[in-house]
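# Chains, contacts and geometry: an overview
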Amino acid sequence: MRKWTIPSVVLLLCLLFLLPDQGRKLQATADESSDELVDPPKVEDKLGAVPHGLSTDSDVAKREAESISRKNLRSNAEKFEFQAEVSRLMDILINSLYSNKDIFLRELISNASDALDKIRFLSLTDKEVLGEGESAKLDIQIKLDKDKKILSIRDKGIGMTKEDLIKNLGTIAKSGTSAFVEKVKTGGDLNLIGQFGVGFYSVYLVADYVEVISKHNDDKQYVWESKADGAFAVSEDTWNEPLGRGTEIRLHLRDEAGEYLEESKLKELVKKYSEFINFPIYIWASKEVETEVPVDEDESSDDATDKEESEDEDAEKDEDAEAEEKEKTKKVKETVYEWELLNDVKAIWLRSPKEVTEEEYTKFYHTLAKDFGEDKPLAWSHFSAEGDVEFKALLFVPPKAPHDLYESYYNSNKSNLKLFVRRVFISDEFDELLPKYLSFLKGLVDSDTLPLNVSREMLQQHSSLKTIKKKLIRKALDMIRKIAEEDPDESNDKDEKEVEKSDDDNEKKGKYTKFWNEFGKSIKLGIIEDATNRNRLAKLLRFETSKSDGKLTSLDQYISRMKSGQKDIFYITGTSKEQLEKSPFLERLTKKNYEVIFFTDPVDEYLMQYLMDYEDKKFQNVSKEGLKLGKDSKDKELKESFKDLTKWWKGALAKENVDDVKISNRLADSPCVVVTSKYGWSSNMERIMQSQTLSDANKQAYMRGKRVLEINPRHPIIKELRERVVTDPEDEGVKQTAYLIYQTALMESGFMLSDPKDFASRIYSSVKTSLNISPDATVEEEDEVEEVEADTDAKTSTDSPNYEAESTQDDEDTEPSSVKDEL
């Protein structure tokens, strides 16, 4: 028994090795149900003389029609079965990888570009690989046949051998569907696009039958074909036009993919995704031209009659003129076809910044941003990054902000930064490349290390994007800072030499002011959102101050002008500069020559909640508690002297949510002012929140700061009020006066009165007193006689026989206005 065991095992192993090979190659055995193709026509001897592969020769067109007359795999072809299940494969393509069908053209052009790159690389050491004539021209050609619903993409690249066709066009099948799905789920390296494989299979989103005709220098011309039905076939190509070298892909489009048979659609896709491919991309496009053709005989005879009449009138015409008149022609419109170049814009970001001129940058900006104005970008930054992630980038600061830049700031995902991978456009919807506050920048990023993946969603999660984002932010902020440094108006007085040098450059003068007026709010939003770069962004802040004379000032310039001993940066918020300049909060500060920053933008209130300090200097809102302007030697005496008044006044305002009444150190001319607690809302913030459409009054009560009434002990009104309180604290007139003073201070401090009617009544009472009118004086009652007469007239008109008609007429006349009033 043992004698037969070993031979049996050997025989079994041999069978196992032979079976896969037998299964892999199914030689030409046509199914009985399939239609057999006629023997393919022989290649003519003169076919090689055709100038280019996509000839419109009638014989070639006939042979192509015969080869694609039936969308069945050729019976004489060598057939193979996909290892992957087609249903699983299509599910991955449609549901897991591709967001839209348009990218199939991007993938095919990317594959063509790679093939051209390879042959160009080989030509560096062996020039003969390129061949001569048309074959030596490295380009990509797109052609469509509307009648047969065929879209063709051809390149003159390296081409593929028979083995390459089997291997490269089965990338997914070779690696196994299950393994590929696992990579999709785990976020593994899916760097398959740019090779024939995943990218190539995107064609089945728009086509139900695909032919790949390829010719490599080291092999014959072969055809790969498949209907994605579980098998593909490879056969030697003896019926199509010889390519010379390269690959042509023919897509037999589905009925629902008819839009891709339109020239305009293909041009749009190439412009969007492949505009900056290194090699020229042509499309066989139609256009109408006017040509001169001879007129018909009938028309000629009519013209001849006219000639005779004219000759009778003018017998002095020479023979040459008569001969020209006899040869009559007319202009007609004719449709012609020619190769149209689609990507004439060069990828200038691949060149060194020293080699690119200012005019080239400006032209490229207008093309990239679709900005057809004449204004130059305010600045640009062209740089390369090396290291773990390599990429090139070109950023522009537009001359103007879009009208809707901040209208949908937090709801819009659109970015003006385009992501390219090896010059192939991927997407402009990446939130991970630049933060929202820099979304006004326009430009692009091109990386050779990122995977050229068909899935934008997967690429967004790539770890390299964080590194790219970090470098882009730093370069963007440096670019904006450079605008300020080169602007003569931004220079300090100390830099007089630099100012003299730059005075001649009028283009840079006032540039940062222009930038700030357009995009200043973005810098403020950046301070709120980006804690990492908060200090860098703070250097870019600009504002007006009490000493800037209408010009913009930076924090560095403010600090350089601070008084000795000043520890805080003083600021105030409000609706306008004019209003703030008259604010009672600035009286003492102005007298003591302190500089105060004016913040008049609503976003400034939010900004100052995040910008707590700068260069070891704290920010102090002069309308809040905690203002320190040095010690007054009489502080203790004043507090003691006005102790009775402050205590009494606090009690009188108990119902008004006044936390305290204190002696003020910020007033000079006003009798009193209302300040808020240090960490509560300012009066300006309260006004902003109350104007919000969806604001909640109950929740706002928690954020309102406690109010403190600060009084000016040197003001005559306050002094007199103190004397009155000391004399008779229960005097109602004094209480009314004190309450009126508080309401007036509340308004002057920027707060909104909770009861304007009460305030108005107190004012009128005060006016009565000043005019010596008795407080008990009342308003005279209106005489009602006229009203009674009017009622009588109304009754009389009602009794009139024409009342109904008149009334109806009046109703008709007044109905539109009454409806309008209701609406």
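Preceding this section is the structure that the text describes.
Okay, so let's go over this structure. (Residues numbered from 1 in each chain as written. Predicted model: local features only at pLDDT ≥ 70, side-chain atom pairs only at ≥ 80, totals over all residues. Heavy atoms only, no water.)

## Considering helix α27 (residues 756–770)
- Between the first and last C-alpha of α27 there are 21 Å, a value that for 15 residues agrees with the 21 Å anticipated at 1.5 Å per step.
- Downstream of α27 by one or two residues, N772 has phi in the positive range, about 60°. (Helix = DSSP H or I, 4+ residues; strand = E, 2+ residues; numbered from the N terminus. Expected span 1.5 Å × (residues − 1).)

## Here we look at helix α25 (residues 716–727)
- An ideal rise of 1.5 Å per residue puts 16 Å on 12 residues; α25 measures up with 17 Å between its terminal C-alpha atoms.
- Listing the buried residues of α25 in full gives I718, L721, R722 and V725. Projected down its long axis, α25 shows its buried positions confined to an angular sector of 105°, all on one face. Seen from the buried face of α25, the exposed residues on the opposite side, beyond 90 degrees, are P716 and T727.
- As for α25, its buried residues are in contact with α21 (635–641), α22 (643–652), β22 (707–711) and α26 (732–748). (Buried < 20%, exposed > 50% of the residue type's maximum accessible area, 1.4 Å probe, protein only. Arc of directions from axis to C-beta. Contact = heavy atoms within 4.5 Å.)

## A closer look at the pairing of strand β6 (residues 231–236)
- Buried residues dominate β6, accounting for five of its six residues.
- Judged from the five bridges that link them, strand β5 (residues 221–226) and β6 form a sheet pairing that is antiparallel. Bridge pairing links Y222 to E236 in β6. (Pairing = 2+ DSSP bridges.)

## Regarding the sheet that holds strand β10 (residues 379–385)
- Pairing in this open sheet of five strands is mixed, and the strands run β10-β11-β14-β12-β13 from one edge to the other. This sheet does not close on itself; its edge strands, each paired only once, are β10 and β13 (424–427). Neighbour to neighbour, the strand axes of the sheet diverge by 20° on average, direction disregarded. (Axes fitted to C-alpha atoms, helices over the stretch in contact; angles between N-to-C directions.)

## Re the pattern of salt bridges
- By the definition in use, this model includes 33 salt bridges.
- Among the salt bridges present, the one from D117 reaches R120, with a minimum N-O distance of 2.9 Å. Highlighted residues: D117 and R120, both in helix α4 (residues 103–123), separated by three residues, approximately one helical turn.
- Judged by its relative accessible area of 23%, D117 falls in the partly exposed class.
- The partner of E236 in a salt bridge is K220, and the shortest N-O contact between them spans 3.9 Å. With E236 in strand β6 and K220 in the loop between β4 (207–215) and β5, this pair connects stretches of sequence that are 16 residues apart.
- Salt bridges linked by common partners bring D102, E259 and K265 together as one network. (Salt bridge = Lys/Arg side-chain N within 4 Å of Asp/Glu carboxyl O.)

## Here's the deal with the packing of aromatic side chains
- This structure, assessed with the given rule, holds 25 aromatic pairs.
- Here K143 stacks its cationic end above the ring of W284, 5.3 Å away from the centre of that ring. (Phe/Tyr/Trp six-rings, centres within 6.5 Å; stacked < 30°, edge-to-face > 60°. Lys NZ or Arg CZ within 6 Å of the ring centre and 35° of its normal.)

## Concerning the sheet that holds strand β16 (residues 568–573)
- Pairing in this open sheet of five strands is mixed, and the strands run β15-β17-β16-β19-β18 from one edge to the other. Each edge of the open sheet carries a strand with a single partner, namely β15 (544–545) and β18 (613–614).

## Concerning the pairing of strand β12 (residues 417–421)
- Of all five residues in β12, four are buried; the element is thus mostly enclosed.
- One ladder, built from five bridges, connects β12 with strand β14 (residues 442–447); its direction is parallel. Across the sheet, L417 pairs through a bridge with G443, a residue of β14.
- The sheet contact formed by β12 and β13 spans three bridges and is antiparallel. Bridged to L419 within β13 is S427.
- Linkage of β12 to β13, two consecutive antiparallel strands, is achieved through a turn of two residues, within which R422 is found at a positive phi near 55°.

## Quick word on the environment of E432
- As for its position among the elements, E432 is in the loop between β13 and β14.
- Residue class for E432 comes out partly exposed when judged on its relative accessible area of 35%.
- Separated by 33 residues in sequence, E432 and L465 have C-alpha atoms that sit 6.6 Å apart.

## Side note on unusual backbone geometry
- Residues other than glycine seldom take positive phi values, yet D616 does so here, at roughly 65°.
- For D616, the location among the structural elements is in the loop between β18 and β19 (617–621).
- Residue D616 is classed as exposed on the basis of its relative accessible area, which comes to 78%.
- Even without glycine at this site, N657 takes up a positive phi of about 60°.
- As for its position among the elements, N657 is in the loop between α22 and β20 (658–663).

## Regarding the nonpolar core
- Counting 76 residues, the largest nonpolar core has V397 and L472 as the members making the most contacts within it.
- With 10 residues, the single largest contributor to this core is helix α13 (residues 464–486).
- Two domains each put at least three residues into this core: domain 2 (348–490) and domain 3 (631–772).
- Excluding residues that lie within four positions of it along the chain, L472 makes contacts with F383, F391, A393, L395, L417, L433, L434 and V445. (Core = buried A, V, L, I, M, F, W, Y, C linked by side-chain atoms within 4.5 Å. Domains from an automatic or database assignment.)

## So, the side chain of D487
- The topology assignment puts D487 in the loop between α13 and α14 (496–502).
- It turns out D487 is buried and unbridged, and the closest side chain with the opposite charge, K509, is 6.3 Å from it.
- Residues in contact with D487, not counting those within four places in the same chain, are K508, K509, G510, K511, Y512 and T513. (Lys, Arg positive; Asp, Glu negative; His and termini not counted.)

## Some points on a positive patch on the surface
- On the surface, K567, K618, K628, K631, K636, K639 and K678 cluster together into a patch of positive charge.
- Topologically, K618 is positioned in strand β19. (Patch = residues over 30% accessible without salt bridge, like charges linked within 9 Å, V, L, I, M, F, W, Y side chains within 5 Å. Areas by Shrake-Rupley, 256 points an atom, 1.4 Å probe, with all protein chains shown as cover. Charge placed at Lys NZ, Arg CZ, Asp CG, Glu CD.)

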